[in-house]
Amino acid sequence: MATFVTRSQWGARAPNSVSNNITPAQGGVVVHHVDAVKVAKANHADCAAQVRGIQNFHMDSNGWSDIAYSHLACVHGYLFQGRGEYVRTAAQGTTQGNDDWYAVCALTGGSASNYDTITAGLIDAVRHGINRLRVSGGAARAITGHRDHHATACPGNLYARVLSGELNPGGGPLPYPGVNFRQPPTFVHASVATWQYRMNSTHGYSLTVDGQYGPGSDSACRSFQSSRGLSVDGVVGPATWAATFA
């Protein structure tokens, strides 16, 4: 299991304020990375300073109350405590995202063709963070990428690991998010974007990845359900979700 590094151990500053006004049971955990350039430290001895630098930037340049993330994971298999459980984040880029979702940031970055090495230790640390947020923080089972909430390429090459379920602490395919997608009216949830992306990338559909389950998504769902021998009702429930991510 990943080694947990407390705030005092990595030298965190005290937050300017703390908000516990969150509803993580309505969302889950969002996976982030640091940047569009490679940032992973070769020596673990440098990782705490990197986390302190991120906190300083978030507080001094962005004017936020603390480091944005709930936890941060390094390639050496360590999980750094961020804001922690039951504390609102500033990471998702939307009010609802910060209200309903925790954030685990990998200390990695890069482009699609030149990305930091995604180590087994990093995967273990991200899983450990997600598990803590579920067990101790009341997070729902959904796992999304930052790009599902906001117009960004984040979390880069880790997004494929989100979709495959590799970052799920329990293993196996990406867990059902606990909400059914249906319309009308148009259902809006970050996990809809995760499903839409998977429908496009794996099953050949051409949906707009916007997190909104409208008529186009409903039509694609019915087509997919028919092709898989599922009940054709246009509802993305546990069976349709499982087939999409099988």
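Residues numbered from 1 in each chain as written. Predicted model: local features only at pLDDT ≥ 70, side-chain atom pairs only at ≥ 80, totals over all residues. Heavy atoms only, no water.

Residue P155 is bonded to the preceding C154 through a cis peptide linkage, with omega at 10°. Considering the arrangement of structural elements, one finds P155 in the loop between strand 7 (142-145) and helix 5 (159-164). The omega torsion across Q183 and P184 is 0°, close enough to zero to call that bond cis. Position of P184 among the secondary structure elements: in the loop between helix 5 and strand 8 (187-188). Residue Y86 is not a glycine yet carries a positive backbone phi of 60°. Its location among the elements puts Y86 in the loop between strand 4 (78-81) and helix 3 (95-100). Classification of Y86 by relative accessible area gives partly exposed; the value is 43%. (Helix = DSSP H or I, 4+ residues; strand = E, 2+ residues; numbered from the N terminus. Buried < 20%, exposed > 50% of the residue type's maximum accessible area, 1.4 Å probe, protein only.)

Think of a pair of aromatic rings as described by two things: how far the centres are apart, and how the planes are tilted against each other in angle. By the definition in use, this model includes seven aromatic pairs. Look at Y159 and Y197: their rings are 4.9 Å apart centre to centre, the planes differ by 85°, and that puts the pair in the edge-to-face class. Here Y159, found in helix 5, pairs with Y197, found in helix 6 (residues 190-203); they are 38 residues apart in sequence, far enough to count as distant. Looking at Y159, the relative accessible area reads 2%, which means it is buried. Seen from the ring of F4, R132 lies directly overhead, with NZ or CZ sitting 3.8 Å from the centre. (Phe/Tyr/Trp six-rings, centres within 6.5 Å; stacked < 30°, edge-to-face > 60°. Lys NZ or Arg CZ within 6 Å of the ring centre and 35° of its normal.)

For the rest of this paragraph, the subject is the confidence of the model for the protein. Confidence in the prediction for the protein averages 97 pLDDT; 100% of positions are at 70 or higher. No element of the protein has a lower mean pLDDT than helix 5, which averages 96, and none a higher one than strand 3 (residues 71-73), which averages 99. (pLDDT = per-residue confidence, 0-100.)

Its 14 residues place the ends of helix 6 20 Å apart at the C-alpha level, agreeing with the 20 Å of an ideal helix rising 1.5 Å per residue. Of the residues making up helix 6, those classed as buried are A190, S191, V192, A193, T194, W195, Q196, R198 and M199. G204 sits one or two positions beyond helix 6 and adopts a positive phi of about 80°. (Expected span 1.5 Å × (residues − 1).)

Attention now moves to helix 4 (residues 120-135). Spanning 16 residues, helix 4 covers 22 Å between terminal C-alpha atoms, matching the ideal 22 Å at 1.5 Å per step. The set of residues buried in helix 4 consists of L122, I123, A125, V126, H128, G129, I130, L133 and R134.

Residue placement: H58 occurs in helix 2 (residues 47-61). Accessibility expressed as a relative area gives 7% for H58, which makes it buried. In this structure the side chain of H58 is engaged in a polar contact, spanning 3.0 Å, whose partner is the backbone nitrogen of A68. (Polar contact = N/O pair within 3.5 Å; in protein donor to acceptor, adjacent residues only side chain to side chain.)

All right, on to the state of the cysteines then. By definition, a disulfide links the sulfur atoms of two cysteine residues through a covalent bond. A complete count under the given rule lists zero disulfides for this structure. With no disulfide of its own, C47 lies closest to C74 among cysteine sulfurs, the gap being 4.1 Å. For the unlinked cysteine C105, the closest cysteine sulfur is that of C154, found at 6.7 Å. When its relative accessible area of 0% is taken as the criterion, C105 is described as buried. (Disulfide = S-S within 2.5 Å.)

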